[in-house]
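# Architecture and fold: a report
Chain residues, written in single-letter form:
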Amino acid sequence: MQTQKNEDIEEAIRLCQESLEALPSLLPHRYFSYLRLQEAYLSRYRVQRKSADLSLAVENFRLASSHPTEGFRRRIREAIQWAHQAEVYRHDSALEAYQTCLELFDNHVMRLITNSRGSLVHHTS
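Residues numbered from 1 in each chain as written. Predicted model: local features only at pLDDT ≥ 70, side-chain atom pairs only at ≥ 80, totals over all residues. Heavy atoms only, no water.

## A short note on the pattern of salt bridges
For the coordinates displayed, the defined rule picks out eight salt bridges. Where Asp53 meets Arg44, a salt bridge forms, and the shortest distance between an N and an O atom there is 2.6 Å. As far as the burial class goes, Asp53 and Arg44 line up, both buried. Between Glu70 and Arg74 there is a salt bridge, with the nearest N and O atoms lying 2.9 Å from each other. For Glu70, a relative accessible area of 8% gives the class buried. (Salt bridge = Lys/Arg side-chain N within 4 Å of Asp/Glu carboxyl O. Buried < 20%, exposed > 50% of the residue type's maximum accessible area, 1.4 Å probe, protein only.)

Structural data, given as structure tokens:
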């Protein structure tokens, strides 16, 4: 049973890597490949406890939370999940993950303020 699970994880990693190689960098589908890769690397890390897998999972959290084609909700969700997993596994990237959360939130709020000011000016003209 464990051997089959390991083979499934390896297959998932291989397929996600192949899809990333085939997709242009700004295609929204890349975001989902990053999600699947971080899940697969975390799964393999839980089984084999190789620090390289945790680092690869973190890199895919980083890529997903900063992917320019995705909106605030998906990116912040990944950044929060990254922070949580970094805390759980005591990875050095926890502070960076929290910083990413704050930057995403700050950028989102600034966009909301800018948009509301724009509509206020438009409505009062």
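And the narrative resumes.
## Notes on the packing of aromatic side chains
Under the criterion given, the structure shown has two aromatic pairs. Judged by centre distance (5.1 Å) and plane angle (85°), the rings of Tyr31 and Phe32 are edge-to-face. What makes Tyr31 buried here is its relative accessible area of 1%. What makes Phe32 partly exposed here is its relative accessible area of 30%. (Phe/Tyr/Trp six-rings, centres within 6.5 Å; stacked < 30°, edge-to-face > 60°.)

## Notes on helix α2 (residues 29-48)
Helix length check: α2 (20 residues) gives 29 Å between terminal C-alpha atoms against 28 Å at 1.5 Å per residue, within 8%. Looking at the buried side of α2, the elements it contacts are α1 (2-22), α3 (51-65) and α4 (72-88). Phi for Arg49, located one or two positions after α2, is positive at around 60°. (Helix = DSSP H or I, 4+ residues; strand = E, 2+ residues; numbered from the N terminus. Expected span 1.5 Å × (residues − 1). Contact = heavy atoms within 4.5 Å.)

## Re the side chain of His67
Tracing the backbone shows His67 in the loop between α3 and α4. You can call His67 buried: its relative accessible area is 4%. Side-chain polar atoms of His67 contact the side chain of Thr69, separated by 2.8 Å. With near-sequence residues (within four places) excluded, His67 lies in contact with Ser25, Leu26, Leu27, Pro28, Arg30, Tyr31, Tyr34 and Arg75. (Polar contact = N/O pair within 3.5 Å; in protein donor to acceptor, adjacent residues only side chain to side chain.)

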